[in-house]
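Chain by chain, the residues run as shown.
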Amino acid sequence: MLVTGAGGQLGAALCEAFAGGELVALTRAQWDVTLPPPPGLAGAALVLHAAAWTDVDGAEADPQAAAAVNVGGTQHAAELGAPLVAFSTDYVFDGRCRRPYVESDGPAPLSAYGRTKLLGEAAAGERAWIVRSSWLFGWVGTNFVRTMLRLGSEREEVAVVDDQRGCPTYVGHLAAAVHELVGGGLPGGLWHLAAAGDCTWAELAEAIFEEAGIDCRVRRITTAELGRPAPRPAYSVLRSERRGAPQLPHWREGLRACLERL
Ligand SMILES: NC(=O)c1ccc[n+]([C@@H]2O[C@H](COP(=O)([O-])OP(=O)(O)OC[C@H]3O[C@@H](n4cnc5c(N)ncnc54)[C@H](OP(=O)(O)O)[C@@H]3O)[C@@H](O)[C@H]2O)c1
């Protein structure tokens, strides 16, 4: 089995969840996925393709570089010819829905990042498992939980967006669900796999401070006040409508599991 993007937060969790088998963990140094696969990777039983351009605002400034990774890189992973799991995002939706998005809902990405991820889904091919998840956090790399822990210990108050609602998903729980998906013989195609429950970023920040025992106030602001370059969906709760879909624990349980590792 090959794991691309093994140095990232999901890649690290996949390496743990699939550790029972023979696994080759590939960081960017071992395979820059914008280039064709290096010789020697052919014949894999499974490719878990977690390498991606995940800088949402950066993609707005350099959409071609983001596409080279998210579209070209996924195409290269598919060229290996092995069963493939590709990862996508809630940011393929525009957020106008007021009930959870399911697999049959039409995508309409608002940002360059979302557009490259949607094109990446197509590049994965028809037989691939395409796993859409959201608001990932884990024990490596940069993510909202780790940023809030740092800011919360430095400041008395943090300003956090309260008009975007989604499902914060712990990478450990997502990786276990992917293991269930692939190991359970479930068919390919789109799968929405995200934590149970939903919240805003401000509610998540409050939960982080509460669980970690940090004394820091959360000032609720709007997306417009924050003024980030890339537009984001106001509502991107994901649920699966597919029979046998793995169910993830509640995001708050994921938060506790993550904090135990930090
Ligand atoms: N993060 C989220 O909130 C979120 C939400 C929904 C879906 N997703 C999707 O979930 C997947 C995993 O995301 P993540 O949160 O684990 O991201 P991450 O922590 O940023 O990890 C991505 C990994 O890909 C690597 N990478 C970037 N460009 C590469 C290239 N050209 N060749 C090889 N490797 C490259 C990065 O290496 P460097 O560290 O060297 O850059 C990093 O190790 C992605 O498909 C992402 O779109 C993420």
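Scroll up a little and you will see the structure.
Asker: What am I meant to see in the overall build of the chain here?
Answerer: Scanning the chain for helices and strands turns up nine helices and 12 strands. Relative to the 2.2 N^0.38 estimate, which gives 18 Å for 262 residues, the radius of gyration of the chain is 18 Å and therefore close to what a compact globule would have. Projected onto its principal axes, the C-alpha positions of the chain cover 55 × 40 × 35 Å. Expressed as a percentage of its 262 residues, the buried residues of the chain come to 52%. Sequence-distant contacts in the chain: of pairs separated by 6 or more residues, those separated by 24 or more amount to 82%. In the structure as shown, the chain presents an accessible area of about 11700 Å², 50% of it carried by carbon and sulfur atoms.

Asker: Which parts of the structure should I look at to understand the site of the ligand?
Answerer: As a structural note, the neighbourhood of the ligand is formed by 24 residues, with Leu10, Arg28, Thr54, Tyr113 and Lys117 the closest of them. Between the ligand and Thr54 there is a distance of 2.7 Å, counted from an oxygen atom to a side-chain nitrogen or oxygen. Within the side chain of Tyr113, a nitrogen or oxygen atom sits 2.7 Å from an oxygen atom of the ligand. Surface burial for the ligand is 80%, taken as the share of its 890 Å² of free accessible area covered by protein chains. Sorting the residues of the shell around the ligand by element identifies helix 1 (9-17), strand 4 (84-89) and helix 4 (112-123) as the ones contributing at least two each. Considering each element in turn, the shell around the ligand owes the most residues, three residues, to strand 4.

Asker: What is the right way to look at the sheet that holds strand 1 (residues 2-4) in this model?
Answerer: Backbone hydrogen bonds hold the strands of a sheet together, and the pairing may be parallel or antiparallel. Strand order in the open sheet formed by six strands is 2-1-3-4-5-10, and the pairing between neighbours is parallel. Strands with a single pairing partner mark the edges of an open sheet, and in this sheet they are strand 2 (24-26) and strand 10 (189-192). Adjacent strand axes in the sheet meet at a mean angle of 20° when their direction is disregarded. Across three bridges, the pairing between strand 3 (residues 47-49) and strand 4 is parallel. Its bridge partner being in strand 4, His49 is matched across the sheet by Ala86. In the packing of helix 1 onto the sheet, the strands contacted are strand 1, strand 2, strand 3 and strand 4, and the crossing angle to strand 1 comes to about 165°.

Scoring rules and cut-offs
- Residues numbered from 1 in each chain as written.
- Predicted model: local features only at pLDDT ≥ 70, side-chain atom pairs only at ≥ 80, totals over all residues.
- Heavy atoms only, no water.
- Helix = DSSP H or I, 4+ residues; strand = E, 2+ residues; numbered from the N terminus.
- Rg over C-alpha atoms; globule rule 2.2 N^0.38 Å.
- Buried < 20%, exposed > 50% of the residue type's maximum accessible area, 1.4 Å probe, protein only.
- Contact = heavy atoms within 4.5 Å.
- Areas by Shrake-Rupley, 256 points an atom, 1.4 Å probe, with all protein chains shown as cover.
- Near = heavy atom within 4 Å.
- Polar contact = N/O pair within 3.5 Å; in protein donor to acceptor, adjacent residues only side chain to side chain.
- Pairing = 2+ DSSP bridges.
- Axes fitted to C-alpha atoms, helices over the stretch in contact; angles between N-to-C directions.

Shape is all these values report; function is a separate question.
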